[in-house]
Structure formats: structure tokens, C-alpha cells
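Chains, contacts and geometry: an overview
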Amino acid sequence: MDVRLSQPLLMDGATATNLMLNGMPQYSCPAQWILENPSALQQLHHAFLQAGSRMICTPTAQANAVMLEKWELQDKMAEYNRQLAQLTVETCRQFDPSVLVAGVVAPLEIQAEPFGETPFLDLVGIYASQALALKEGGVDLLIADTMTTISQSRAAILGCRQAGLPVMVTLNVEEDGETCMGSDLVSALIVCQNLGAAAFGLSCCDRPEKLYHHIEEIAPYAKIPLIVRPRAGEDFDRMLSPEEMAEQVRGLLSRGATLVGGCCYTTPQHIAKIGQMMREFDFHSVHVEKEDAQTILMAGATEPYFLDEYFDQTEPIYCRRDMSDELLELEESGADVATICIETVDDAYCFALNAYMLHMPVSFLSDSEEALEMALLMYNGCAFVDSRSNLDESILERLAKGYGAVVR
């Protein structure tokens, strides 16, 4: 994972909407159409490169096994991703070998338990399979793009990092800073950066000026580069001019974003103007007031938590299939952190099914390495690992580091 994200960095613009202008039918399988019409993608990527893009994304957002099933092409997943990556890499390397190629994975349109029927580990496996195919195609890094839940963001990071490449994450949020599925933006940042995301930010969402307050919200807590890929408009008849978009993107840079590009309806002309603006922008003048370094940043799926070192923990509670009464009692205890005793792998699974009901930070207490790892894997938040666990300190530290947790 030695790809270095130089900052600032100009990414590319929209793929699907631009290809539709070049003849791609709206309801076709993008992967299949592109491979049947490779020159259309090559011309678009070349236009973005000429406009100044230093990172080009593969057209693989709808090329995971779940999405391809709509066209009965799921068996083509590995082949399509490998070939689309190769096509993108070839165009970029011929133009400039230093241009980065990001392999794109995206929401799967299925939900993990308890809000869907799919086991969380199945999501991880789906992302891992696509990431490995993209790696075979030669991509430099991966981007989990326009994610809608912390659960899927975590699954994407855990799956993609099996390819041994850096993983960036972007969310698609509503005006209130939550995704359409109710995941909180600040929580997602905390979870993703603790899990090792190389960069974090926003994609699609809205036009640039509508995203200012979102960047202001997360910038104080960000320890990794912030990405923004806003929309240029709602359609080709209602979109910002290249000059207007560049001026609005300036406001994102002044609030802390350093990796910028565009999503829907963003053309090479938009990217060229953004690049011109970036060359003139004084990045050294940007100052973001950071959260106190002593604050412990924790998160659940729907809300972040900010603790100091003197927090109180509840008495340990034990896991069972229905934990609603116990979790309510924890919230009424007056303590700062809920202590969850994990004795078996089944305990970890039971708590994962109930965790959405708990609105306070979690600390896992366990004497089983296997059970503790499963609890950290399944929990869709950032948890503590209780140092009172009867396991070697090196094990606690290793598991915490692997799953974005904190030993206390």
C-alpha cells in the first residue's frame, strides 16, 4: 500500500453521463457496452487527462456481481472488472505514467443484517472479489464511491484491503448530513479513517456550494485527505457552467478539501476550469481548526461520540438474541460507555444484530481472541477494546489496529 496521494490532486469527472452523450443507452449494462465500444471510454479518459486530471476512475461502479445479476452477467464480474481496469490503465499510462488509476466499487443495492437478509461477511466477500479483479487489471488504488451506509463502507474497506491497495471512501449524503439510509457523516469519517481509509469525502450529492457545510462539519475531525466529487447539475440542460463550477469548488478547497473532481454531468471542460482554479489557489492559506487532540473520537452507525480520558463504563452485560431491555438499561445508567461481554462468536453475532438500538459508545470485554475479533468485525462503528480482557496485550493491540478500535 505504497501509493502516495499527493495533495492537492485533481480527479476526473463523470463517466456514465458523458458516455450517454456518446451513445451508451440509459438502461444498458455499462460494463458490457463499454467493452463493446472501448474507443468511447478511451476518448473520454483522454479528454479528462488533457484537462489536467491526475487520477482517473475505472467505469466499474455497476460491475459488481450483485449489479451484473440484473443483466444475468454476474459470471462476467472478474473478466469485466479486469478488462475495464486494463483499458483505463492503458490510456493513462500512454498519456502519463504518473497518473493514478482508481478502481471503483460502489453500493451493492443489498443490505447486511439486521436491516437486510445478507450476512455482513458476504458483503465483504463481494467487495474483495471485485477488488482483486481490479488489482489484476493494474489499478493503483481503490475507491468505494457514493456509499450510503457505514455498514457498506466498512464492508468495502475490509474487502478491498484484501487486495493490498489503498482504499478511499466517499459517501452520498442528504442535505442534513445523513445518507439516505440514516448513516451519519461524521460517524462515517471516524469509522473509515480508523479502519485505514486513505482518504474520505463526498461524491454526487449536489452542486459544490451545497456541500460547504458538510466539509466544514467533518474537516475538524479529519486526519486523512478530504475528497469532494460534486455534481455539475441535474441534467445537461440544468448544469453549472465550467466557470461557475470552478468558482464553487474554490469554496470547497478553502474549507479543507484537497482531492477534487466531479460526478454527474461533470465534463472535461468543467475539470479543465477546476484545474486552472487549483493552480492559482493558495492552499497554504487554508486553516482548519482541528478538534482537541486529547478528545477520543468514537462512533456508532448513526452518531459520533466525543470522550475525554476519564469516561465511566457500565457493568458488563452478556449477549443474547434480544437485548433491547438490557441496552435500554445501559443508556439509563448514566455511564459514558457500554461494556459488552463477548464470550463466544455467537455472542458477537447477537450483539451485531442488536447494536443499532444502542446510542452510546461500546467497549468489548472478552477472554476469547476469536470472539473478540468477530465482535470487532461485525460492529458497524468504532469500538473500545477493554484492556481488562484476559488476552495478551499484543493481541488486543493487533485486533484494535486491524478493526479501527481503541484499547482502553
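What counts as what
- Residues numbered from 1 in each chain as written.
- Predicted model: local features only at pLDDT ≥ 70, side-chain atom pairs only at ≥ 80, totals over all residues.
- Heavy atoms only, no water.
- Helix = DSSP H or I, 4+ residues; strand = E, 2+ residues; numbered from the N terminus.
- Buried < 20%, exposed > 50% of the residue type's maximum accessible area, 1.4 Å probe, protein only.
- Contact = heavy atoms within 4.5 Å.
- Areas by Shrake-Rupley, 256 points an atom, 1.4 Å probe, with all protein chains shown as cover.
- Lys, Arg positive; Asp, Glu negative; His and termini not counted.
- Charge placed at Lys NZ, Arg CZ, Asp CG, Glu CD.
- Pairing = 2+ DSSP bridges.
- Axes fitted to C-alpha atoms, helices over the stretch in contact; angles between N-to-C directions.
- Parallel < 35°, antiparallel > 145°, perpendicular 65-115°, else oblique.
- Left-handed = near helix turned anticlockwise from the far one by under 90°.
- Nonpolar A, V, L, I, M, F, W, Y, C, P; charged D, E, K, R; others polar.
- Core = buried A, V, L, I, M, F, W, Y, C linked by side-chain atoms within 4.5 Å.
- Expected span 1.5 Å × (residues − 1).
- Phe/Tyr/Trp six-rings, centres within 6.5 Å; stacked < 30°, edge-to-face > 60°.
- Lys NZ or Arg CZ within 6 Å of the ring centre and 35° of its normal.
- Patch = residues over 30% accessible without salt bridge, like charges linked within 9 Å, V, L, I, M, F, W, Y side chains within 5 Å.
- Salt bridge = Lys/Arg side-chain N within 4 Å of Asp/Glu carboxyl O.
- 1 Å grid on protein atoms, 1.4 Å probe; cavity = no way out; pocket = protein on both sides within 12 Å on 5 of 7 lines; lining within 4 Å.
- Points joined across faces, edges and corners; volume = space filled by probe spheres on them.

The helix and strand inventory of the chain stands at 15 helices and 17 strands. Seen along its three principal axes, the alpha-carbon backbone of the chain occupies a region of about 60 × 50 × 35 Å. Out of the 408 residues in the chain, the part that is buried amounts to 57%. Counting contacts in the chain only where the partners sit at least 6 residues apart, residues at least 24 apart contribute 74% of the total. With an accessible surface of roughly 17,100 Å², the chain has 46% of that area assigned to carbon and sulfur atoms. Counting 26 positive and 59 negative side-chain charges, the chain places the averaged centre of each group 9 Å from the other.

Here we take up the sheet that holds strand E6 (residues 199-204). Read across the sheet, eight strands follow the order E1-E10-E7-E6-E5-E4-E3-E2 without closing on themselves; strand pairing throughout is parallel. Sheet topology places strand E1 (9-10) and strand E2 (55-57) at the edges, where each strand pairs with a single neighbour. As judged from the four bridges shared by strand E4 (residues 141-147) and strand E5 (residues 167-171), these two strands associate in the parallel manner. Considered in E5, the bridge of Leu142 is made with Val167.

When two helices pack together, you describe them by how their axes are tilted relative to each other and by the distance separating the axes. The contact between helix H6 (residues 120-136) and helix H7 (residues 150-160) brings their axes to 7 Å, and the two run at 50 degrees. It follows from the interaxial angle that H6 and H7 lie oblique. Crossing geometry of H6 relative to H7 is assigned as right-handed. Of H7, the residues touching H6 (which contributes Phe120, Leu123, Val124, Tyr127, Ala128 and Ala131) are Ser151, Gln152, Arg154, Ala155, Ala156, Leu158, Gly159 and Cys160. For the contact of H6 with H7, the residue count by class is ten nonpolar, three polar and one charged.

Turning our eyes to something else, we now look at the nonpolar core. Core analysis: the biggest nonpolar cluster contains 135 residues, and Val169, Phe200, Ile274, Ile340, Phe351, Phe364 and Leu376 have the highest contact counts within it. When sequence neighbours within four positions are dropped, the list of residues in contact with Phe364 reads Ile340, Ile342, Phe351, Leu372, Ala375, Leu376, Tyr379, Ala383, Phe384, Val385, Asp386 and Ser389.

With that settled, consider helix H10 (residues 242-253). The terminal C-alpha atoms of H10 lie 16 Å apart, and with twelve residues this matches the ideal 16 Å at 1.5 Å per residue to within 8%. Among the residues making up H10, those that are buried are Pro242, Met245, Ala246, Gln248, Val249, Gly251, Leu252 and Leu253. Buried residues in H10 make contact with helix H9 (212-218), strand E7 (226-230), strand E10 (259-260) and helix H11 (268-280).

Before going further, it helps to examine the packing of aromatic side chains. The full count for this structure, using the stated rule, is eight aromatic pairs. Each ring, one from Phe281 and one from Phe283, has its centre 4.8 Å from the other, and the planes form 70 degrees; the classification is edge-to-face. Overall, Phe281 belongs to the buried group, its relative accessible area being 13%. Note on Phe283: relative accessible area 21%, which makes it partly exposed. Cluster of aromatic residues (ring-pair linked, three or more members): Phe351, Phe364 and Tyr379. Stacked on the ring of Tyr212, the Lys or Arg Arg255 has its end atom at 4.0 Å from the ring centre.

Together, Asp322, Asp325, Glu329, Glu331 and Glu332 make up a region of like negative charge exposed at the surface. Along the chain, the position of Glu331 falls in helix H12 (residues 324-331).

Further remarks concern the layout of surface pockets. Of the voids in this model, the largest pocket is the one considered here, and its volume is about 1,100 Å³. Along the wall of the largest pocket there are 44 residues; nearest its centre are Ala16, Ala61, Gln62, Thr146 and Cys264. Counting residues per element, the ones that place at least two in the lining of the largest pocket are helix H1 (16-21), helix H2 (30-36) and E4. With four residues, H1 is the largest single contributor of residues to the lining of the largest pocket. Here the second largest pocket is characterised by a volume of approximately 460 Å³. Forming the walls of the second largest pocket are 27 residues, and the residues nearest its centre are Phe115, Ala301, Thr302, Tyr356 and Asn380. Residue assignment for the lining of the second largest pocket shows that the elements contributing at least two residues are H7 and helix H13 (345-354).

Counting through the fold element by element, Leu211 comes out in the loop between E6 and H9. Discounting chain neighbours no more than four positions away, the residues touching Leu211 are Leu202, Cys205, Asp206, Val228, Pro230 and Leu252.

A few words now on the side chain of Ser363. As for its placement among the helices and strands, Ser363 is situated in strand E15 (residues 362-365). The buried category is assigned to Ser363, whose relative accessible area is 0%. Not counting residues up to four positions away in its chain, the partners in contact with Ser363 are Gln313, Val337, Ala338, Thr339, Ile340, Phe384, Val385 and Asp386.

Applying the stated rule across the entire model yields 16 salt bridges. Residue Glu243 pairs with Lys273 through a salt bridge whose shortest N-O separation is 4.0 Å. With Glu243 in helix H10 and Lys273 in helix H11, this residue pair connects regions lying 30 residues apart in the sequence. Between Arg388 and Asp386 there is a salt bridge, with its nearest N and O atoms 2.7 Å apart.

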